[in-house]
Amino acid sequence: MKSYQGLADKWIKGSGEEYLDINPADKDHVLAKIRLYTKDEVKEAINKAVAKFDEWSRTPAPKRGSILLKAGELMEQEAQEFALLMTLEEGKTLKDSMFEVTRSYNLLKFYGALAFKISGKTLPSADPNTRIFTVKEPLGVVALITPWNFPLSIPVWKLAPALAAGNTAVIKPATKTPLMVAKLVEVLSKAGLPEGVVNLVVGKGSEVGDTIVSDDNIAAVSFTGSTEVGKRIYKLVGNKNRMTRIQLELGGKNALYVDKSADLTLAAELAVRGGFGLTGQSCTATSRLIINKDVYTQFKQRLLERVKKWRVGPGTEDVDMGPVVDEGQFKKDLEYIEYGKNVGAKLIYGGNIIPGKGYFLEPTIFEGVTSDMRLFKEEIFGPVLSVTEAKDLDEAIRLVNAVDYGHTAGIVASDIKAINEFVSRVEAGVIKVNKPTVGLELQAPFGGFKNSGATTWKEMGEDALEFYLKEKTVYEGW
Ligand code: NAD
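If you're wondering where the values come from, they're calculated on a predicted model, not measured in any experiment. Within each chain, residue numbers correspond to sequence positions counted from 1 in written order. It should be noted that, the model being predicted, local features are given only for residues of pLDDT at least 70 and side-chain atom pairs only at 80 or more, the latter also being counted only at that level, while totals for whole chains, interfaces and linings use all residues. For the side-chain quantities, the full set of heavy atoms in the structure was used; hydrogens and water were omitted.

## Here we look at the overall build of the protein chain
Runs of E in the DSSP output that reach at least two residues are strands. Runs of H or I that reach at least four are helices, and both are numbered from the N terminus. When you go through the protein chain residue by residue, the secondary structure sums to 16 helices and 21 strands. Scaling as 2.2 N^0.38, a compact globule of 478 residues should have a C-alpha radius of gyration of about 23 Å, and the protein chain matches this with 23 Å. Projecting the C-alpha coordinates of the protein chain onto the three principal axes gives extents of approximately 75 × 60 × 40 Å. Note on exposure labels: buried denotes an accessible area under 20% of the residue type's maximum, exposed denotes more than 50%, and partly exposed covers the range between, all computed with a 1.4 Å probe on protein chains only. The proportion of buried residues among the 478 residues of the protein chain is 58%. Every residue pair with non-hydrogen atoms within 4.5 Å of one another is taken to be in contact. Restricting to contacts in the protein chain with at least 6 residues of sequence separation, those with at least 24 account for 75%. On the protein chain, roughly 19,400 Å² of surface is accessible, and the fraction owed to carbon and sulfur atoms is 51%. Radius of gyration: C-alpha atoms only; globule rule: 2.2 Å multiplied by the number of residues to the exponent 0.38. We get accessible surface area from the Shrake-Rupley algorithm with a probe of 1.4 Å; when it comes to residues, only the shown protein chains can shield them.

## Section: empty space enclosed by the protein
Empty pockets left among the atoms are what a rolling probe the size of a water molecule brings to light. Cavity: a set of points on a 1 Å grid over the protein atoms alone where a 1.4 Å probe fits but cannot get out. Pocket: an open set with protein on both sides within 12 Å along at least five of seven lines, its lining residues, like those of a cavity, having an atom within 4 Å of a point. Grid points are joined across faces, edges and corners, and a volume is the space filled by probe spheres set on the points. Applying the stated criterion to the full structure yields 3 cavities of 30 Å³ or more. By volume, the largest cavity is sized at about 80 Å³. Gly280, Ala285, Ser287, Ile380 and Phe381 are the residues nearest the centre of the largest cavity, which is lined by 14 residues in total. Note on residue categories: nonpolar means Ala, Val, Leu, Ile, Met, Phe, Trp, Tyr, Cys or Pro, charged means Asp, Glu, Lys or Arg, and polar means any other residue, Gly included. Per-class residue counts for the lining of the largest cavity are 4 nonpolar, 8 polar and 2 charged. Here the second largest cavity is characterised by a volume of approximately 70 Å³.

## Re the environment of isoleucine 397
Its location among the elements puts isoleucine 397 in helix H14 (residues 393-401). Isoleucine 397 sits 200 residues away from valine 197 along the chain, and the two C-alpha atoms are 47 Å apart. The residues touching isoleucine 397, leaving out its near neighbours within four places in the chain, are Glu421, Phe422, Arg425 and Val426.

## Some thoughts on the site of the ligand
By convention in these notes, a residue is near a molecule or strand provided one of its non-hydrogen atoms lies within 4 Å of it. Neighbouring residues of the ligand: 29 residues in total, closest Thr146, Lys172, Ser226, Glu379 and His407. Residue serine 226 places a side-chain N or O atom 2.6 Å away from an oxygen atom belonging to the ligand. Two N or O atoms count as a polar contact when they lie within 3.5 Å, although within protein this holds only if one can serve as hydrogen donor and the other as acceptor, and sequence-adjacent residues are included solely when both atoms are side-chain atoms. For the ligand, a nitrogen atom lies 2.8 Å from a polar atom in the backbone of leucine 250. Within the complex, 90% of the 850 Å² of free accessible area of the ligand lies under protein. For the shell around the ligand, the elements supplying multiple residues, two or more each, are helix H8 (205-214), strand E8 (218-224) and helix H9 (227-238). Among the elements that take part in the shell around the ligand, H8 stands out by supplying 4 residues, more than any other. Each domain's extent was defined by an automatic or database domain assignment. Looking at which domains feed residues into the shell around the ligand, each of domain 1 (5-250 + 453-477) and domain 2 (254-433) supplies at least three.

## Points about the nonpolar core
The biggest cluster of nonpolar side chains holds 94 residues, and the ones touching the most others in it are Met75 and Leu179. Both domains that furnish three or more residues to this core are identified here as domain 1 (5-250 + 453-477) and domain 2 (254-433). Those residues in contact with leucine 179 that sit more than four places away from it in its chain are Tyr4, Leu7, Ala8, Ile12, Asp21, Leu31, Ala32, Ile34, Leu85 and Glu89. Formed by 34 residues, the second largest nonpolar core is a distinct cluster that contains Ala255, Leu399, Val400 and Val403. Side-chain atoms within 4.5 Å are what join buried Ala, Val, Leu, Ile, Met, Phe, Trp, Tyr and Cys residues into a set we call a nonpolar core.

## Remarks on the domain arrangement of the protein chain
When the domains of the protein chain are assigned, the result is domain 1 (5-250 + 453-477) and domain 2 (254-433). Computed over C-alpha atoms only, the centres of domain 1 and domain 2 are separated by 31 Å. Taken residue by residue, the interface counts 22 residues in domain 1 and 24 residues in domain 2. In total, about 1,800 Å² of surface goes out of reach between domain 1 and domain 2, with carbon and sulfur atoms giving 61% of it. Once two parts are put together, the accessible area they lose, assessed with a 1.4 Å probe and summed over both, is termed the buried area. Per-residue buried area on domain 1 facing domain 2 is highest for Pro24, Lys27 and Trp148; these three make up 25% of the total on that side. What makes a salt bridge here is a side-chain nitrogen of Lys or Arg within 4 Å of a carboxyl oxygen of Asp or Glu, nothing more. The salt bridge partner of lysine 176 is aspartate 326, with a shortest N-O separation of 3.5 Å. For the pair domain 1 and domain 2, the number of links is 5 residue pairs in polar contact (both at pLDDT 80 or more).

## Details of the packing of aromatic side chains
Here a Phe, Tyr or Trp ring, Trp counted by its six-membered ring, pairs with any other such ring whose centre lies within 6.5 Å, and the pair is stacked when the planes are under 30 degrees apart, edge-to-face when over 60, and tilted otherwise. Within the structure shown, the criterion is met by 7 aromatic pairs. Geometrically, the ring pair formed by phenylalanine 110 and tyrosine 111 is edge-to-face, given 5.1 Å between the ring centres and 85° between the ring planes. Since its relative accessible area comes to 21%, phenylalanine 110 is described here as partly exposed. Overall, tyrosine 111 belongs to the buried group, its relative accessible area being 0%. Pairing phenylalanine 467 with tyrosine 468 gives two aromatic rings, centres 4.9 Å apart and planes at 90°, and the pair type is edge-to-face. A residue is classified by how much of its surface remains accessible, and phenylalanine 467, at 1% relative accessible area, is buried.

Have a look at this one:
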């Protein structure tokens, strides 16, 4: 069984409680024993980032960009190793891991290149002897807190623009997936990033996370994770002595609407890929299907035909879906399945544990789910899909919007009027038309509405850089 103890010992330097990093496809496979950081060690990490800020922020932006470009090249060379570790640590299939690794090295290159064109603007002045211009400057030390489900690409899509802009960083990945970020830090170091610019800390959110967020040396917090924790961080940041910029990307309860004008084979494919790809553990996963009553029966038949071919097993094998990430999430998924059975929703597919050494669950579908049920309203974050019938487009849009979240939403249709109506009336940060709700391109801005995000700043694309820069206006007279 492959061990990553060497990687852990080199980059994760805590001295606190021991944590076992376990392969979710095989509970007996310990990837590494990790020592979590104490609060004092977190403070040390922040102090290192503070001490390094002057040097890094004065490093010319093209030089900073070159380091990121080099890191991207090195990650590409090691792509297979990154992907294998991702599958062993998080559980997703090797194909999905490779997709995430590819996006991650492209993100490093994208922000590496953008560092060469960080720019302000020049403006006309009412005074002929004055020139007005703006310059963009880094914020200082930024705190980056990330979840386990995209254990590499989310850290990269925060870290790369933060570094390109000239900030130093403290990064805290989810405790379930620290090795992925250790490997990222290793690649950045090999690419020439000076020590202390990025400081990895690993530990429980409630201890380590709170310590980072509350520290007055932190100029900005970028957090991706659950809505519950996001709201807590929002409050903590508001109580600080210092004004701290904050970016929050949170949970989702995404719906895919199948219109009466839809290609139903495509709709079934998108429903299964969006619902069960990545084991349903994606903030953009489809967790609600809203089906127009005119096509309900035909669609259901195609959905069941498609899901029967969906293969579950260890991500290292030729399968469509790997295990659930850990015991806690596994129990949560099972509780929701029991709840669905008890509350009167009809289980039409799956619902069972798949015996084996890992946390394997069948893809699960409930129909007859009504908008007052928890299955409809709450984020499960597992392979559990609920189906609700809508009498027409109007009712479908109302149902799509009838939750507190607004991350992504999708429509399958060929009727252009229905599509445009959906796009303009649905409250979500990303809308997909005849595409799965999952899957984002790195050059496009991304961020949720309602309880899915703070809507203040976008991630990815050129927009992401703005979160990590402040603008100074200069009036230069002569
Ligand atoms: P989580 O909220 O439990 O944890 C996210 C991170 O916050 C982890 O690093 C965790 O240790 C840390 N944390 C926990 N408590 C903290 C505290 N009090 N102070 C500071 N940090 C704290 O989420 P998770 O289980 O790791 O990830 C799943 C969640 O993330 C889902 O809700 C999913 O929808 C969401 N997510 C959102 C996006 C997005 O872009 N909107 C992307 C991926 C995942």
